[in-house]
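One letter stands for each residue in the lines below.
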Amino acid sequence: MATTTTTNINTGGEDRVLATAQQIVKSLNTPKEVREDMLLIFSSFDNRLSNISNLIDGDDSKSEEDRFSAAEKVILRWDSNSDTSRRSLNWEDSHAEADEYLSAIDEILNLMDELSVRSDTEVVDRAVTAIQLAMSRLEDEFRHVLIRNTVPFDAERLYGSIRRTSLSFPVNDAGIIDDDDDDEDGGGFKSFSEDDRSTRFHERGPSLGDDVSIDLIDPKAVDELREIATRMLRSGYEKECIQVYSSVRREALEDCLVIIGIERLSIEEVQRIEWNSLDEKMKKWIQAMKIVVRLILSGEKSICDQIFCGADDTKEICFNETVKGCTMQLLNFGHAVAIGKKSPEKLFRILDMYDVMAEALARMEALVTDDVVINEARDVLTRLGEAAEGTFAEFEKAVQNETSKKPMQSGEIHPLTRYVMNYVKLIVDYSDTLNLLLEVGEDDDEINALRKEDSDDLKLTPKVKDSDLGGLLGDNWVRKRRGQIRQFATSYLRASWSKVLSCLKDEGIGGSSSNASRVALKERFKNFNACFEEIYRIQSAWKVPDAQLREELRISISEKVIPAYRSFMGRFGNQVESGRHAGKYIKYTADDLEGYLLDLFEGQPRVLHHMRRKST
């Protein structure tokens, strides 16, 4: 009887200890790993507590399955045949429905790992099915929220905030190049009557201010879209998420192009458009390219960054897929214009397109990572540049081919003269772009060496000398500028080559040719090599476009450097060559140097990697 009583007391005491410990652990509401650590600590004090883990695990399992069932019920309620399943979640007002649904998804996702380990296959299958149902609805919700919150493009408001600039170019009053294919000369000059005084202007197009911005999606919806996207990505539905986003947003951006007047045209259709209509389309293209790159692409990039925050690969793919359609449509038009028929009246509009495309490309390269789009943009820029060059040549050709000798009544200015002067006045406004395309000016490095006062006149010297402008400006003008060039060439030789020549002087080497310091001689040759190689590296990248000037500079350098090097080698070369490692110091013969001078001013950077070493 005493033994039984003692056993009951011990059992009762053990139950109370277990119950107390169990209550303590559960009341802390800590993660499973922390609870296990606490149980190990408890059991180290009393082995009776080793059974508590089974009790707590059993309660946990029951609690997790209850939570799963509750979450599953929410998912299934929205997937049944009830009225609830046939409408969208309420993302407005209190967000209660949407929050409940998203919380249910989070609950199931959080429990799935533990369920897959601790529960039977049936429960795991139910969890997978619930997520599949939830993702199907979220896909529809994602599409619905995107469409509902797309902000219509307000072109009128945008155009009201951009500045328009224009250049006075009275096309009709001055006459335009005839683009009539039936003309025997392939194009002549149209003249206009006294009564035709209508004037059109060559507009450079709208200029967007830095403070202009637009909303592509209602900012209030961004949080909702991010909540949906986060669940879809976490559940492994990245492909579906990207497809929905890019398809909806791509269509919205294509609508923007329609609103700003951009049509989808094939290359053949563009090339069949008569000039006046094409000119209008080119102006719209220029506006559209500014708007798309400055506002739409940057705006779309911002939206992707916000919605897909933390998912870099996904937001990059979404952005590229979204903007590809509208950018390629614009680039295709630019390509069609660039390869179309060249006629002088197109020059300034093509130059406008080139300038806009150059700026657009820089911005696109910073935003878009799709190689197809970027390579096409680079190609369009190149082709527009080539089209401008060809069109400029067509202007010259058209002027040369004009054979009209009909005298003007009352001594008026001939339409050809007026046209050319108006054309030339516009060319001045595009001088930077044309200089770049036609390589009229010198490279920046060369400018630093040669540019002095009257530099604008100097850039014209070879053009004037070899053209009829020489007769217009007079022989004295040409002679004066040629004298200035010779002065600047002398200044260049002094600035660039004095240090090289100082290495070839006798001073400071400690004696005559027979007893000069070998150490000093080695140092002289070493310094000469370093100076020459540095000049070669820099000035081989310089560009002197005029062949005669380029050759005269090389001859001037050769006449200064080569004789001095031959003389120095003749006096002191034997002393260095008779020692060890002579090839380390005497790298070049005079003939070698003369050959290397031919590489200067070609605009192709070179480095003397493979030095010729004289044998010891």
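Conventions and cut-offs
Residues numbered from 1 in each chain as written. Predicted model: local features only at pLDDT ≥ 70, side-chain atom pairs only at ≥ 80, totals over all residues. Heavy atoms only, no water. UniProt positions renumbered as here; feature names shortened; annotations may be inferred. Helix = DSSP H or I, 4+ residues; strand = E, 2+ residues; numbered from the N terminus. Expected span 1.5 Å × (residues − 1). Buried < 20%, exposed > 50% of the residue type's maximum accessible area, 1.4 Å probe, protein only. pLDDT = per-residue confidence, 0-100. Contact = heavy atoms within 4.5 Å. Core = buried A, V, L, I, M, F, W, Y, C linked by side-chain atoms within 4.5 Å. Polar contact = N/O pair within 3.5 Å; in protein donor to acceptor, adjacent residues only side chain to side chain. Axes fitted to C-alpha atoms, helices over the stretch in contact; angles between N-to-C directions. Parallel < 35°, antiparallel > 145°, perpendicular 65-115°, else oblique. Left-handed = near helix turned anticlockwise from the far one by under 90°. Nonpolar A, V, L, I, M, F, W, Y, C, P; charged D, E, K, R; others polar. Salt bridge = Lys/Arg side-chain N within 4 Å of Asp/Glu carboxyl O. 1 Å grid on protein atoms, 1.4 Å probe; cavity = no way out; pocket = protein on both sides within 12 Å on 5 of 7 lines; lining within 4 Å. Points joined across faces, edges and corners; volume = space filled by probe spheres on them. Phe/Tyr/Trp six-rings, centres within 6.5 Å; stacked < 30°, edge-to-face > 60°.

Looking up the protein chain in an unreviewed UniProt entry gives the name Exocyst subunit Exo70 family protein, with the organism given as Fagus sylvatica. Note on the protein chain: under the UniProt heading Function (unreviewed entry), the record states "Component of the exocyst complex."

S.K.: Even after reading the chapter, I still don't get helix α8 (residues 222–234), so can you show me in this structure?
M.R.: Note on helix geometry: an α-helix contains 3.6 residues per turn, so any two residues three or four positions apart are oriented the same way. With 13 residues, α8 should cover 18 Å at 1.5 Å per step; its first-to-last C-alpha distance of 18 Å lies within 8% of that length. For α8, the set of buried residues is Val-222, Glu-224, Leu-225, Ile-228, Ala-229, Arg-231 and Met-232.

S.K.: Even after reading the chapter, I still don't get the confidence of the model for the protein chain, so can you show me in this structure?
M.R.: The predicted coordinates of low-pLDDT regions are not to be read in fine detail. Per-residue confidence for the protein chain gives a mean pLDDT of 76, with 69% of residues at or over 70. Here helix α7 (residues 171–174) stands out as the element of the protein chain with the lowest mean pLDDT, 36, in contrast to helix α12 (residues 312–338), whose mean of 95 is the highest. The model gives residues 163–201 a pLDDT under 50, and that stretch makes 79 contacts with residues more than four places away or in other chains. For the stretch residues 466–473, pLDDT sits under 50, and the model shows 6 contacts to residues farther than four places along the chain or on other chains.

S.K.: It is not clear to me how the nonpolar core should be interpreted in this structure. Could you clarify?
M.R.: Most often, soluble globular proteins have nonpolar side chains that are buried together. Membership of the largest hydrophobic core comes to 108 residues, with the highest contact counts inside it found for Phe-142 and Met-357. A total of 16 residues in this core trace back to one element, the largest contributor, which is helix α11 (residues 275–307). Residues in contact with Phe-142, not counting those within four places in the same chain, are Leu-225, Ile-228, Ala-229, Met-232, Cys-241, Val-244, Tyr-245, Ile-307 and Phe-308. Counting residues in each nonpolar core, the second largest holds 40 residues, with Ala-520, Phe-525, Trp-542 and Tyr-588 among its members.

S.K.: For this particular structure, what's the right way to read the side chain of Gln-329?
M.R.: As for its placement among the helices and strands, Gln-329 is situated in helix α12. Here the side chain of Gln-329 touches Arg-264 through a polar contact of 3.2 Å, side chain to side chain. Leave out the neighbours within four places in its chain, and Gln-329 touches Leu-257, Ile-262, Glu-263 and Arg-264.

S.K.: Help me out: how do you make sense of the environment of Leu-111 in this one?
M.R.: Position of Leu-111 relative to the elements: it lies in helix α4 (residues 96–118). Classification of Leu-111 by relative accessible area gives buried; the value is 2%. In sequence terms Leu-111 and Glu-64 are 47 residues apart; their C-alpha atoms lie 7.1 Å from each other. With residues near it in sequence (within four places) discarded, Leu-111 still touches Glu-64, Arg-67 and Phe-68.

S.K.: So what exactly am I meant to see when it comes to the packing of helix α9 (residues 238–259) against α12 here?
M.R.: To describe two helices that pack against each other, one gives the angle between their axes and the distance between the axes. Relative orientation of the contacting elements α9 and α12 amounts to 30°, with a least axis distance of 9 Å. As far as their axial angle goes, α12 and α9 are roughly parallel. The two elements α9 and α12 meet at a crossing, and its hand is right-handed. In this structure, α9 uses Glu-238, Ile-242, Tyr-245, Ser-246, Arg-249, Arg-250, Leu-253 and Leu-257 to contact α12, whose residues at the interface are Thr-314, Ile-317, Cys-318, Glu-321, Thr-322, Val-323, Cys-326, Gln-329 and Leu-330. Here the residues of the contact of α9 with α12 sort into 9 nonpolar, 4 polar and 4 charged.

S.K.: Sorry, what's going on with the pattern of salt bridges here?
M.R.: When the charged atoms of two side chains lie near each other, side chains of opposite charge can form a pair. Under the defined criterion, the tally for this structure stands at 33 salt bridges. Close ionic contact of Glu-533 with Lys-587 constitutes a salt bridge, the shortest N to O distance being 3.3 Å. Taken together, the residues span a long stretch of sequence, with Glu-533 in helix α21 (residues 518–539) and Lys-587 in the loop between α22 (547–577) and α23 (590–597) at a distance of 54 residues. For Lys-587, a relative accessible area of 15% gives the class buried. With a shortest N-O distance of 3.9 Å, Glu-594 and Arg-566 are connected by a salt bridge. Of this pair, Glu-594 sits in helix α23 while Arg-566 sits in helix α22, and the two are 28 residues apart along the sequence. The class of Glu-594 is partly exposed, set by a relative accessible area of 36%.

S.K.: So what exactly am I meant to see when it comes to empty space enclosed by the protein here?
M.R.: Regions of empty space are outlined by a rolling probe, equal in size to a water molecule, passed over the atoms. Counted under the stated rule, the structure contains 4 cavities of 30 Å³ or more. The space that makes up the largest cavity amounts to roughly 70 Å³. Lining of the largest cavity is provided by Gly-261, Ile-262, Glu-263, Leu-265, Lys-281, Lys-284, Trp-285 and Phe-333. In terms of residue count, the dominant contributor to the lining of the largest cavity is α11 (3 residues). Residues that form the lining of the largest cavity fall into these classes: 4 nonpolar, 1 polar and 3 charged.

S.K.: Got a minute to help me understand the packing of aromatic side chains in this structure?
M.R.: How two aromatic rings sit relative to each other is given by the distance of their centres and the angle of their planes. Enumeration over the complete set of coordinates arrives at 15 aromatic pairs. Aromatic side chains Phe-528 and Phe-532 sit 6.1 Å apart centroid to centroid with 20° between the ring planes, which places their arrangement in the stacked category. Pair noted here: Phe-528 and Phe-532 are both in helix α21, with a separation of 4 residues, about one helical turn. Of the residues examined, Phe-532 reaches a relative accessible area of 1% and is grouped as buried. Members of the aromatic cluster, each reached through a chain of ring pairs, are Trp-497, Phe-528, Phe-532, Tyr-536, Tyr-565, Tyr-588 and Tyr-596.

S.K.: Help me understand unusual backbone geometry in this model?
M.R.: For Phe-601, which is not glycine, the phi dihedral falls at a positive 70°. Structurally, Phe-601 is set in the segment after α23. Residue Phe-601 is classed as buried on the basis of its relative accessible area of 1%.

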